[in-house]
Amino acid sequence: MNIPPDEVSRVTNALATDGWCVVPDLLSAAQTQALAAECRAMHEARQLTPARVGATRTATPWRGDSTHWFQAGAMSAPQQAFSDRLDALRRAFNRELMLGLVECESHYAVYPPGAGYARHIDRLRDNDARVVSAVFYLNEGWQHADGGALRLYLDGGSHRDIYPHAGKLLLFLSAQFEHEVLPATRDRMSVACWMRQRTFGVIG
Ligand code: OGA
Ligand code: MN
């Protein structure tokens, strides 16, 4: 099943107008549950690696998640279903918004209780490959009292808190929005994804 064309248009228009957008149900419940089960199993098998920050890849108290990158050509069925869906959106953005996005990179992320990610921007200083950030949430039965919102800082000083409910996809322009992950009281699982444009060599 594909994303309905009306929904693709709504998402594309929202990205063009506001620079960000929430898609409530990107995948079927069964597909989302399969991703969540795989992420949890890999986490329990200690196959996720504590994340690093910046070009020096140093461990940091600023960021408390552990990650596992999807490997192109070696994806599990749940990873492939997610990637196919994101690719359909990527192609729609290219077609409608002339974004020139050539690929997606994705990783699982698990934030243990109390961990967050301090306010940051996803576009790296010396590399402008990342154009669209996408975060897909995997947490069944999430309550606001569990915390763990992604706080998206908007123009004009306001912000929006997006809670990590299973099935929800958040999209935003990587260069435009500072955001942070607030700590939660339970494990918080997601797939973080970036749609990338071609770059002509990395400076520095
Ligand atoms: C990131 C990030 C947000 C989230 O990985 O860069 O901001 O909600 N993640 O997990
Ligand atoms: Mn981020």
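All of these numbers come straight from a predicted model, not from anything done at the bench.

A. Highlighting the overall build of the protein. Each helix and strand counted, the protein has three helices and eleven strands in total. Its helices and strands in sequence order give the protein the pattern α-β-α-β-β-α-β-β-β-β-β-β-β-β, from N to C terminus. Its C-alpha atoms give the protein a radius of gyration of 16 Å, near enough to 17 Å, the size a compact globule of 204 residues would have. Look at the contacts in the protein between residues 6 or more apart in sequence, and 79% of them connect residues 24 or more apart. Just so you have it, the protein exposes about 10,400 Å², and 52% of that area is on carbon and sulfur atoms. Both charge centroids of the protein, one from 21 positive and one from 22 negative side chains, sit 3 Å from each other.

B. Geometry of the coordination of the manganese ion (ligand 2). Bound to the manganese ion (ligand 2) on the protein side are His120 (NE2), Asp122 (OD) and His179 (NE2), at distances that span 2.1 Å. The sequence motif formed by the donor residues of the manganese ion (ligand 2) is H-x1-D-x56-H. Of this pair, aspartate 122 sits in the loop between strand 5 (117-120) and strand 6 (130-137) while histidine 179 sits in strand 10 (residues 179-181), and the two are 57 residues apart along the sequence. In this pair, the class of aspartate 122 matches that of histidine 179, namely buried.

C. Representation of unusual backbone geometry in the model. Even without glycine at this site, arginine 46 takes up a positive phi of about 60°. With respect to the helices, strands and loops of the structure, arginine 46 is situated in the loop between helix 2 (29-44) and strand 2 (49-50). The exposed category is assigned to arginine 46, whose relative accessible area is 72%.

D. Highlighting the sheet that holds strand 6. Across the sheet, which stays open at both edges, the seven strands sit in the order 1-9-6-11-4-3-2 with antiparallel pairing between neighbours. If you trace the sheet from one side to the other, it starts and ends with strand 1 (20-23) and strand 2, each paired once. Where strand 2 and strand 3 (residues 66-69) come together, two bridges link them in antiparallel fashion. Considered in strand 3, the bridge of proline 50 is made with serine 66. Contacts from helix 1 (residues 5-18) reach strand 1, strand 6 and strand 9 (169-173) within the one sheet, and its direction differs from that of strand 1 by about 155°. The strands that helix 2 touches are strand 3, strand 4 (101-111), strand 6 and strand 11 (188-197); relative to strand 4, the one it contacts most, it runs at about 60°.

E. Here's a closer look at the site of ligand 1. Taken together, Tyr111, Tyr117, His120, Asp122, Val135, Tyr137, Leu150, His179, Val181, Arg188, Ser190 and Trp194 make up the full set of residues adjacent to ligand 1. In the model, an oxygen atom of ligand 1 is placed 3.2 Å from a nitrogen or oxygen of the histidine 120 side chain. Aspartate 122 is positioned such that a nitrogen or oxygen atom in its side chain is 3.2 Å from an oxygen atom of ligand 1. For ligand 1, whose free accessible area comes to 290 Å², the fraction covered by protein is 97%. Of all the secondary structure elements, the ones that give two or more residues to the shell around ligand 1 are strand 5, strand 6, strand 10 and strand 11. Here the shell around ligand 1 takes three residues from strand 11, the largest share from any one element.

F. The arrangement of the pattern of salt bridges in detail. All told, the structure shown has ten salt bridges when counted by the stated rule. Across the pair arginine 10 and glutamate 7 runs a salt bridge, and its minimum N-O distance is 2.9 Å. Of this pair, arginine 10 and glutamate 7 are both found in helix 1, three residues apart, which corresponds to roughly one turn of the helix. The class for arginine 10 is partly exposed, based on a relative accessible area of 36%. According to the relative accessible area criterion, glutamate 7 is buried, its value standing at 19%.

Quick notes on the rules
Residues numbered from 1 in each chain as written. Chains lettered and ligands numbered in written order. Predicted model: local features only at pLDDT ≥ 70, side-chain atom pairs only at ≥ 80, totals over all residues. Heavy atoms only, no water. Helix = DSSP H or I, 4+ residues; strand = E, 2+ residues; numbered from the N terminus. Rg over C-alpha atoms; globule rule 2.2 N^0.38 Å. Contact = heavy atoms within 4.5 Å. Areas by Shrake-Rupley, 256 points an atom, 1.4 Å probe, with all protein chains shown as cover. Lys, Arg positive; Asp, Glu negative; His and termini not counted. Charge placed at Lys NZ, Arg CZ, Asp CG, Glu CD. Donors = N, O, S within 2.8 Å, 3.2 Å for Na, K, Ca; no water. Buried < 20%, exposed > 50% of the residue type's maximum accessible area, 1.4 Å probe, protein only. Pairing = 2+ DSSP bridges. Axes fitted to C-alpha atoms, helices over the stretch in contact; angles between N-to-C directions. Near = heavy atom within 4 Å. Polar contact = N/O pair within 3.5 Å; in protein donor to acceptor, adjacent residues only side chain to side chain. Salt bridge = Lys/Arg side-chain N within 4 Å of Asp/Glu carboxyl O.

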